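Working through the structure, step by step
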6 protein chains.
Amino acid sequence: MPHSTHDEYEQLDVIAVGAHPDDLEIACGGTLARLVDAGHKVGMIDLTDGEPTPLSPGPEVRLAEAKAAAETLGVQRRTTLDLPNRRLFDSFEARVKLAIEFRKYRPRLVIGIGDRTPMASPDHWQAMQIIDAAVFYSRLTKWDEHFDHLPVHTIDRQIYCMLAQPLSGVPTLHGHLLVDISDTLERKLASIRCFKTQFPATKNGLFVRLESMARYLGSTAGVEAAEMLMSPRPLVTRDLMDALFA
Amino acid sequence: MPHSTHDEYEQLDVIAVGAHPDDLEIACGGTLARLVDAGHKVGMIDLTDGEPTPLSPGPEVRLAEAKAAAETLGVQRRTTLDLPNRRLFDSFEARVKLAIEFRKYRPRLVIGIGDRTPMASPDHWQAMQIIDAAVFYSRLTKWDEHFDHLPVHTIDRQIYCMLAQPLSGVPTLHGHLLVDISDTLERKLASIRCFKTQFPATKNGLFVRLESMARYLGSTAGVEAAEMLMSPRPLVTRDLMDALFA
Amino acid sequence: MPHSTHDEYEQLDVIAVGAHPDDLEIACGGTLARLVDAGHKVGMIDLTDGEPTPLSPGPEVRLAEAKAAAETLGVQRRTTLDLPNRRLFDSFEARVKLAIEFRKYRPRLVIGIGDRTPMASPDHWQAMQIIDAAVFYSRLTKWDEHFDHLPVHTIDRQIYCMLAQPLSGVPTLHGHLLVDISDTLERKLASIRCFKTQFPATKNGLFVRLESMARYLGSTAGVEAAEMLMSPRPLVTRDLMDALFA
Amino acid sequence: MPHSTHDEYEQLDVIAVGAHPDDLEIACGGTLARLVDAGHKVGMIDLTDGEPTPLSPGPEVRLAEAKAAAETLGVQRRTTLDLPNRRLFDSFEARVKLAIEFRKYRPRLVIGIGDRTPMASPDHWQAMQIIDAAVFYSRLTKWDEHFDHLPVHTIDRQIYCMLAQPLSGVPTLHGHLLVDISDTLERKLASIRCFKTQFPATKNGLFVRLESMARYLGSTAGVEAAEMLMSPRPLVTRDLMDALFA
Amino acid sequence: MPHSTHDEYEQLDVIAVGAHPDDLEIACGGTLARLVDAGHKVGMIDLTDGEPTPLSPGPEVRLAEAKAAAETLGVQRRTTLDLPNRRLFDSFEARVKLAIEFRKYRPRLVIGIGDRTPMASPDHWQAMQIIDAAVFYSRLTKWDEHFDHLPVHTIDRQIYCMLAQPLSGVPTLHGHLLVDISDTLERKLASIRCFKTQFPATKNGLFVRLESMARYLGSTAGVEAAEMLMSPRPLVTRDLMDALFA
Amino acid sequence: MPHSTHDEYEQLDVIAVGAHPDDLEIACGGTLARLVDAGHKVGMIDLTDGEPTPLSPGPEVRLAEAKAAAETLGVQRRTTLDLPNRRLFDSFEARVKLAIEFRKYRPRLVIGIGDRTPMASPDHWQAMQIIDAAVFYSRLTKWDEHFDHLPVHTIDRQIYCMLAQPLSGVPTLHGHLLVDISDTLERKLASIRCFKTQFPATKNGLFVRLESMARYLGSTAGVEAAEMLMSPRPLVTRDLMDALFA
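Residues numbered from 1 in each chain as written. Chains lettered and ligands numbered in written order. Predicted model: local features only at pLDDT ≥ 70, side-chain atom pairs only at ≥ 80, totals over all residues. Heavy atoms only, no water.

What follows concerns helix H5 (residues 185-193) of chain D. All names here are of chain D. The set of residues buried in H5 consists of Leu185, Lys188, Leu189, Ser191 and Ile192. Considered in projection along H5, the buried side chains sweep an arc of 155° and stay on one side of the axis. In the core, the buried residues of H5 are packed alongside helix H1 (23-37), helix H2 (59-73), helix H6 (205-221) and strand S7 (226-231). (Buried < 20%, exposed > 50% of the residue type's maximum accessible area, 1.4 Å probe, protein only. Helix = DSSP H or I, 4+ residues; strand = E, 2+ residues; numbered from the N terminus. Arc of directions from axis to C-beta. Contact = heavy atoms within 4.5 Å.)

Contacts between the two partners involve 29 residues from chain A and, on the opposite side, 20 residues from chain D. The tally of links between chain A and chain D comes to 1 salt bridge. When the shortest N-O distance is used, the salt bridge between Arg116 of chain D and Asp132 of chain A registers 2.9 Å. Here chain A is connected to chain D by 9 residue pairs in polar contact (both at pLDDT 80 or more). Where the side of chain A that touches chain D is concerned, the elements lending two or more residues are helix H3 (92-105), helix H4 (123-137) and strand S5 (157-161) of chain A. The element best represented in the side of chain A that touches chain D is H4 of chain A, accounting for 8 residues. Grouping the amino acids of the side of chain A that touches chain D by side-chain chemistry returns 16 nonpolar, 6 polar and 7 charged. (Salt bridge = Lys/Arg side-chain N within 4 Å of Asp/Glu carboxyl O. Polar contact = N/O pair within 3.5 Å; in protein donor to acceptor, adjacent residues only side chain to side chain. Nonpolar A, V, L, I, M, F, W, Y, C, P; charged D, E, K, R; others polar.)

To continue, consider the relation of the copies chain A and chain D. For the pair of chain copies, the relating operation is a rotation around an axis with a shift along it. Mapping chain A onto chain D calls for a rotation angle of 120° and an axial translation of 0.0 Å; the resulting RMSD is 0.0 Å. The relationship between the two copies is best expressed as a three-fold rotation axis. When the interface residues of chain A are mapped onto chain D, a mere 7% of them again fall at the interface, so the copies present different faces. (Least-squares fit on C-alpha atoms with pLDDT ≥ 70 in both.)

Here we take up the arrangement of the chains. There is a clear gap between chain A and chain E: no contact, and 9 Å between their nearest C-alpha atoms. Across the gap from chain C to chain F, with no contact made, the nearest C-alpha atoms are 9 Å apart.

Below, the discussion takes up the relation of the copies chain A and chain F. By a simple turn and slide, chain A fits onto chain F: the slide is 0.0 Å along the axis, the RMSD is 0.0 Å, and the turn is 180°. Given the turn and translation reported, the copies of this chain are related as if by a two-fold rotation axis. Most of the interface of chain A is mirrored in chain F, where 100% of its interface residues are also at the interface.

With an omega dihedral of 0°, the bond running from Glu51 of chain A to Pro52 of chain A counts as a cis peptide bond. As for its position among the elements, Pro52 of chain A is in the loop between strand S2 (42-48) and helix H2 (59-73). Within the chain, Met119 of chain A stands out as a residue other than glycine whose phi angle is a positive 75°. Counting through the fold element by element, Met119 of chain A comes out in the loop between strand S4 (109-113) and H4. For Met119 of chain A, a relative accessible area of 15% corresponds to the buried category. Even without a glycine there, the phi angle at Arg86 of chain C is positive, about 70°. Structurally, Arg86 of chain C is set in the loop between strand S3 (77-83) and helix H3 (92-105). Under the relative-accessibility criterion, Arg86 of chain C is labelled buried at 3%.

Residue and element names in this part refer to chain A. Within S5, 5 of the 5 residues are buried, leaving the element largely enclosed by the surrounding structure. The side-chain alternation of S5 yields two buried faces, one formed by Arg157, Ile159 and Cys161 and the other by Gln158 and Tyr160. When S4 meets S5, the two strands line up parallel, connected through 5 bridges. Note that in S5 the partner of Leu109 across the bridge is Arg157. Assessed by its sense of winding, the connection that carries the chain from S4 through H4 to S5 is right-handed. Here S5 pairs with strand S7 (residues 226-231) via 2 bridges, running antiparallel. Bridge pairing links Cys161 to Leu229 in S7. (Pairing = 2+ DSSP bridges. Right-handed = clockwise from strand over helix to strand, strands pointing away.)

Take the pattern of salt bridges next. Tallied over the entire structure, the rule returns 96 salt bridges over all chains. Arg62 of chain D is paired through a salt bridge with Asp22 of chain D; the nearest N and O atoms lie 3.2 Å apart. Linking Arg62 of chain D in helix H2 with Asp22 of chain D in the loop between strand S1 (14-18) and H1, this pair joins segments that are 40 residues apart in sequence. For Arg62 of chain D, a relative accessible area of 2% translates into the label buried. A salt bridge links Arg62 of chain F to Glu51 of chain F, with the shortest nitrogen-to-oxygen separation between them at 2.7 Å. A residue pair is termed long-range when its members are at least 10 positions apart, and Arg62 of chain F in helix H2 (residues 59-73) and Glu51 of chain F in the loop between strand S2 (42-48) and H2 qualify at 11 residues. The burial state of Arg62 of chain F is the same as that of Glu51 of chain F; both residues are buried. Taken together, the salt bridges that share partners define one network made up of Asp22, Glu51 and Arg62 of chain A.

Right, let's talk about the side chain of Arg34 of chain F for a bit. Along the chain, Arg34 of chain F turns up in helix H1 (residues 23-37). One polar contact links the side chain of Arg34 of chain F to the main-chain carbonyl oxygen of Arg238 of chain A, over a distance of 2.9 Å. Not counting the four nearest positions on each side in its chain, Arg34 of chain F is found in contact with Arg238 of chain A together with Asp180, Ile181, Asp183 and Thr184 of chain F.

Under the defined criterion, the tally for this structure stands at 51 aromatic pairs over all chains. Aromatic side chains Tyr137 of chain D and Trp143 of chain D sit 4.9 Å apart centroid to centroid with 85° between the ring planes, which places their arrangement in the edge-to-face category. Each member of the pair, Tyr137 of chain D as well as Trp143 of chain D, is classed as buried. On the numbers, 5.5 Å between centres and 70° between planes, the contact of Phe92 of chain F with Trp143 of chain F is edge-to-face. Remark: Trp143 of chain F occurs in the loop between helix H4 (123-137) and strand S5 (157-161) and Phe92 of chain F occurs in helix H3 (residues 92-105); sequence separation between them is 51 residues. Looking at Phe92 of chain F, the relative accessible area reads 8%, which means it is buried. Geometry around Phe245 of chain B places Arg108 of chain C over its ring, the cationic atom sitting 4.0 Å from the centre. Over the ring of Phe92 of chain E we find Arg87 of chain F, and its NZ or CZ is 3.5 Å from the ring centre. (Phe/Tyr/Trp six-rings, centres within 6.5 Å; stacked < 30°, edge-to-face > 60°. Lys NZ or Arg CZ within 6 Å of the ring centre and 35° of its normal.)

Residues and elements named next belong to chain E. What the rule picks out here adds up to 0 disulfides over all chains. No disulfide involves Cys28; its sulfur sits 4.0 Å from that of Cys161, the nearest cysteine. Overall, the relative accessible area of 0% leaves Cys28 in the buried class. (Disulfide = S-S within 2.5 Å.)

Residues and elements named next belong to chain A. Residues of chain A with pLDDT of at least 70 account for 93%, and the chain-wide mean is 91. Here residues 167-174 scores under 50 on pLDDT; set against residues more than four positions off or in separate chains, the count is 39 contacts. Here the predicted complex scores 0.95 on pTM and 0.93 on ipTM. (pLDDT = per-residue confidence, 0-100.)

Another aspect to go through is the environment of Lys97 of chain A. Residues and elements named next belong to chain A. In this fold, Lys97 is placed in helix H3. On the basis of relative accessible area, Lys97 is assigned to the partly exposed category, the value being 33%. Here the alpha-carbon distance between Lys97 and Asp82, two residues 15 residues apart in the chain, equals 8.9 Å.

Below, the discussion takes up the packing of H2 of chain A against helix H5 (residues 185-193) of chain A. Packed helix pairs are specified by the crossing angle of their axes together with the interaxial distance, meaning the distance between the axes. Residues and elements named next belong to chain A. Where H2 meets H5, the closest approach of the two axes is 8 Å, and the angle between their N-to-C directions is 170°. Classified by the angle their axes make, H2 and H5 are roughly antiparallel. Residues Ala69, Thr72 and Leu73 of H2 pack against Arg187, Lys188, Ala190 and Ser191 of H5. Looking at side-chain class alone, the contact of H2 with H5 contains 3 nonpolar, 2 polar and 2 charged residues. (Axes fitted to C-alpha atoms, helices over the stretch in contact; angles between N-to-C directions. Parallel < 35°, antiparallel > 145°, perpendicular 65-115°, else oblique.)

Attention now goes to the interface of chain A and chain F. Facing the 37 residues of chain A at the interface are 37 residues of chain F. In total, chain A and chain F occlude about 3,700 Å² of area from one another, counting both sides; carbon and sulfur atoms represent 63% of this. At the boundary of chain A and chain F, one finds 4 salt bridges. Contributions of two or more residues to the side of chain A that touches chain F are made by helix H1 (23-37), S4, S5, strand S6 (175-180), helix H6 (205-221), strand S8 (236-237) and helix H7 (240-245) of chain A. Of the residues contributing to the side of chain A that touches chain F, the split by class is 20 nonpolar, 7 polar and 10 charged. (Buried area = accessible area lost by both parts, 1.4 Å probe.)

Here's what the structure looks like:
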């Protein structure tokens, strides 16, 4: 059987993956906007539609909010997979669905949710495991029948974003990296405000937390605002001065 | 030779110790104000007068600023020792000078600077060692000749405050504890603004950093604003519900 | 369809959840007895009946032991869910079963098993994931059909207890807290001795380990005996003196 | 029904378990060869046959490679279970299959894969959970029907080997231990080279990484080459001099 | 000038170094007794005489206590240096005094105090730095004039013992190792009781803490009682089975 | 009194500081060579002349070796301060001597030794404290009389290099960063070989250790060879793709 082609799918430089619409805006919205501003092509994937939620009239409204948020950030694509919200489990089927997207859009970098979130949704912990597996599935040969016969694609790097920024304690992986979002903090917050059904005007707590966290993280590194990412591989540079002063 | 008495010195519940005026305001000003509001008697000790600094006309002005800051926080006493700014070293003499204050004012709790501060003053690292030793010296018998014949005093607990809040990484001691400073954040910032020679109106960076850090720390614990302290002993409670919900 | 009511279920302040009868006695029995003594209403849930085990004639005997242990601790309720011992897996059904209990008894605090236990039962690791999810499921709206139409209930705080106290190493979450069990250590040990089929008179090793651990932990905090809990949120206090000296 | 016997199965001192053929060679091949040289009987178990892979013509060839590698290391047995490569999940069936092997060969020590491997196969993370559970299942009474009526077997110790040696950061368990493989590094590398379909002569990167890691680890301990293992229990010795100088 | 010889000094296998008499008994008395029982020649060095203390009539009594304690442990030698108690500082002179002892008695292993002890004596932190330096000074050539012309001696290994066992948190060095003191716990406690002026019959707290800690540490490793040591180099073994089962 | 000028001193982009000649070659020689290759002006400062050592005929020879090593790396300047080898202590005078060099050559970045080195020289631990202080002293106003009336200079960033690469364990600061030294590893090793009196042809152990460490660190990051640095501030980037792929 002939391999299908992916000519119809425009290559993306970066794909970020969250469990629910608004996860990525909260965890790395400023980073995504910065990547767009730097000229990279960026896609967002929500594993579920995040519905139902208390104040949302239904999936269509949530999807419209997600679309508006993506436009605010300026990303090229946003996709919602049909995995089940609230009952997301790491499974072969979930892994394959996500890997198909990776094979279609062929990103160099995948940014994925990377933590357990006690007292909040267990979907995040499952999402991390699905993303880890799908990054691997994307490059596996002799398995095309599971992936609509899309060619394999090797993702160069994977990095984790954090929904619950650790106050202190345990960096679980090789190192954290701050992304300067001084220019995009406002857009990040605006993208989250697009989710009107989730964060009505009367609920301001999240915005205080996110803004203070961004400004605090930024202040530790000498910039106005920042987001923190965790890398499973150590950070390496050929030019130390560039790495420290760029 | 008869022991001298400390009748002339009013007992304090808490003494906080920093290397320079403004250290304590920055590291734990909100906590000190909360302690005062809760009815505790609180003293502040600066090991040095912090002078010279670029914009200060001299020690008298700095001391006046420190006095105003202490009044803003509402603490009962502020003392400046005559140890040398910029060249503070852990030494027998420095330890004794501080321990004499502890013997005079007999605090139950000592709050002290607790970290190395790369790229900033090495005095903080030395101060931590001096404070550790003075807490011990305060209770040593058969040594009164070094302490103006003041009676020994055993300090019940010691805790560390942080000038450079760790972004992530290593809690160096047994546990950190947040103090809710929602009610006193404004007073904390106001006390720092008393140091006009150090933080002129045009230098707002410190205030952004401190306010965002306090709000961020607070948000991680469900309060408006918080400061972080580190305890050399584990925290213990007889009533878990009180500890979690009080 | 009208929501069912929970009028028939008496509200509990605290629910502790383990994988097997005797897990909770071992991990936090002293804490539960202290909570009871302080006037809080406390429930215990075992996800499985823990059977079979080598010396137990069957589930009825184990349940009778669990009942006696609960009475020794003085807790108001003990429930055994019908999830399968030895083959417990995090699943939608398991999460829902536990969340139904939370919706019925509406605790403010959930204490749950919080660690992997190499060389012992894998059920503990699965239990942690089930508990995390059920705390979240308890407050999810628009899902009542899965929960016998019980109203949602938001649990205020969650904390982890440890079956295998870490010797040193990695606090995986925001901070540990010791609970003073000086008054209830004896009752803790007595409650474990109720499990005659598990800990026959000839097997004293567990009791030596638990007593020495409690006394050691206590000694690090200046009390006679203690248990250690881990909090996913930092500990915060409005009154530092109360937190340190209460 | 009468219990079956295991008379037909020769007891092994050590069983090492990996997800795929070549996992164990990479993670602890030098250690296995050392154990053999010291006179211990050693078995290897691969949970899956590791197929398909890009350059392998099929499972038979991979199995032949695995057999050659085992002979190079000198181990007594190598078994391949029929769990599915690339889609390994912790499950009751997987746990039982592995525990049956433990009951048959009755090892004192189990060495198992012990880490998540971001950007590589998710099978490793699942394998760790399967191994943890199977070590426990091996000693469970009253469950013989699941285990071909093989008698229970209690494994004395379990230890983890690492596919992705941590550069720095978090030892997740009680302690790491280096094994001196100065005498067996060559055999380790030779055993990996047996997997010609996986590591063709043109792909030398893995060998550079493994040799430099072994020599680096060795140099930190004053020996020529070493592998790192992680123990879930602290290391204990009756003779400190032996432990440090042996 | 001719080098002096050390023919008059009997070689010791191990030298342990503390700041005050009773430090070593508390931190590693069980280990020292075990080393003696295993046939090793062991010396103890106290950097100071530990005097004055509240209930001691003077140095002669304290020294007599130290002598009795050493005899209880069975060590071959105990030496008290004349460095000043309570005001110990890392200095060239202190380093040299200790290194002279190392050159005289030529130990293969040095066990030294290895931690800061907040709320207790700052001498411990200084002692650690003195010991680190003296281990190095012992092997420095072309410096004999500072060392009574004693020949250089290279110490093979150094390890740290702990006065304040960490409850959890940060292993500061490469790994911890437990020493099984099941056979010598009683002798350890007896040696501490020799310090009658320090621990009168009415002060039992220390003994409860030390015994519970030893039993707790032991229970984590499957032995009756243990002490914890920290190694600046990773632990390495040629025979994994010996390391785990010996 | 008029300020002196530093017109006579050519500005340097980077100054690296070690305790002894060969410290910097070992800890960050590859990084220094890379910085030179990238067009940055680099200086090296040795706090002491490192003499005496066993095989060196005297300081002149050691200095000649250091000069040859600096030429091998291609750095612009190498300075040896006259602080005492083997008895280096953090002191006001030592801090000032180093800060004078910083004021003269006005680096943007200071790379300094950053660790305790048990079993090796205590000078490294003292050097770290001297460097920390001197970075601060360099920018202090109103103190010119101590610094030959050289104008103040603010160093933008400080970073630590490691003599004893941690195997695993505790990142003491905000994050580690690898520098790709694939192009300069050979030059690094050649620069160390310039120290013929320290590393005679018969002593190859250091070279095996350094080369294997560099190749191992490199392999973790996908490059041929690397050195590890530790930053007291988190790493921040405006362009994530550049940070990960540059």
